[in-house]
Amino acid sequence: MAIADGILEAKELETLYRIGSESYKLTPEEINSYVVSAGSSFVAPDKMEDRISILYELAEIAWADGVIDKTEKDLLSRYAIRLGFIEENADEIADFMLEQVQNGISKEEVINNILNA
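So, how was this worked out
Residues numbered from 1 in each chain as written. Predicted model: local features only at pLDDT ≥ 70, side-chain atom pairs only at ≥ 80, totals over all residues. Heavy atoms only, no water. Helix = DSSP H or I, 4+ residues; strand = E, 2+ residues; numbered from the N terminus. Buried < 20%, exposed > 50% of the residue type's maximum accessible area, 1.4 Å probe, protein only. Polar contact = N/O pair within 3.5 Å; in protein donor to acceptor, adjacent residues only side chain to side chain. Contact = heavy atoms within 4.5 Å. Expected span 1.5 Å × (residues − 1).

Q: Got a minute to help me understand unusual backbone geometry in this structure?
A: A positive phi angle, near 55 degrees, is found at Lys25, a position not held by glycine. Secondary-structure assignment places Lys25 in the loop between helix 1 (10-24) and helix 2 (28-36).

Set out below in structure tokens:
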């Protein structure tokens, strides 16, 4: 997501490292390794909570530079599909996640709202 628009902004990289260390307990070296191999493989988690979490975090990275471009939104939609969401809903899911991040709704609140809807 951080390089979806072809430009890796400092704020996007900062967000990527924050999410990697806080949510996944990754070291900077591990994050570097993932950045270098970006796009090479992806396995969707089994739990819905984890799938929502990934989409939220991707939306956070997309918003890190304060601008959402079409490639970032399209990538978020594609990940929604890869995570097992229905293709017809992917664009709406991407829009929803981007809106939640933009409005400062926490990841935990988004997850709870979706799982309890």
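Okay, back to it.
Q: Would you take a moment to explain the environment of Glu72 for this structure?
A: Relative to the helices and strands, Glu72 resides in helix 4 (residues 70-82). Accessibility expressed as a relative area gives 1% for Glu72, which makes it buried. For the pair Glu72 and Ala94, spaced 22 residues apart in sequence, the C-alpha to C-alpha distance is 9.6 Å.

Q: Teacher, can you tell me more about the side chain of Glu57 here?
A: As for its placement among the helices and strands, Glu57 is situated in helix 3 (residues 48-63). For Glu57, a relative accessible area of 5% translates into the label buried. Polar contacts involving the side chain of Glu57 include one to the side chain of Lys107, which spans 2.5 Å. Apart from residues no more than four positions distant in its own chain, Glu57 is found in contact with Ile19, Ser23, Tyr24 and Lys107.

Q: So what exactly am I meant to see when it comes to helix 3 here?
A: Because each turn of an α-helix spans 3.6 residues, side chains separated by three or four positions end up pointing in the same direction. Its 16 residues place the ends of helix 3 23 Å apart at the C-alpha level, agreeing with the 22 Å of an ideal helix rising 1.5 Å per residue. Helix 3 sits mainly inside the fold: 12 of its 16 residues count as buried. Considered for burial, the residues of helix 3 that qualify are Arg51, Ile52, Ser53, Ile54, Leu55, Tyr56, Glu57, Leu58, Ala59, Glu60, Ile61 and Ala62.

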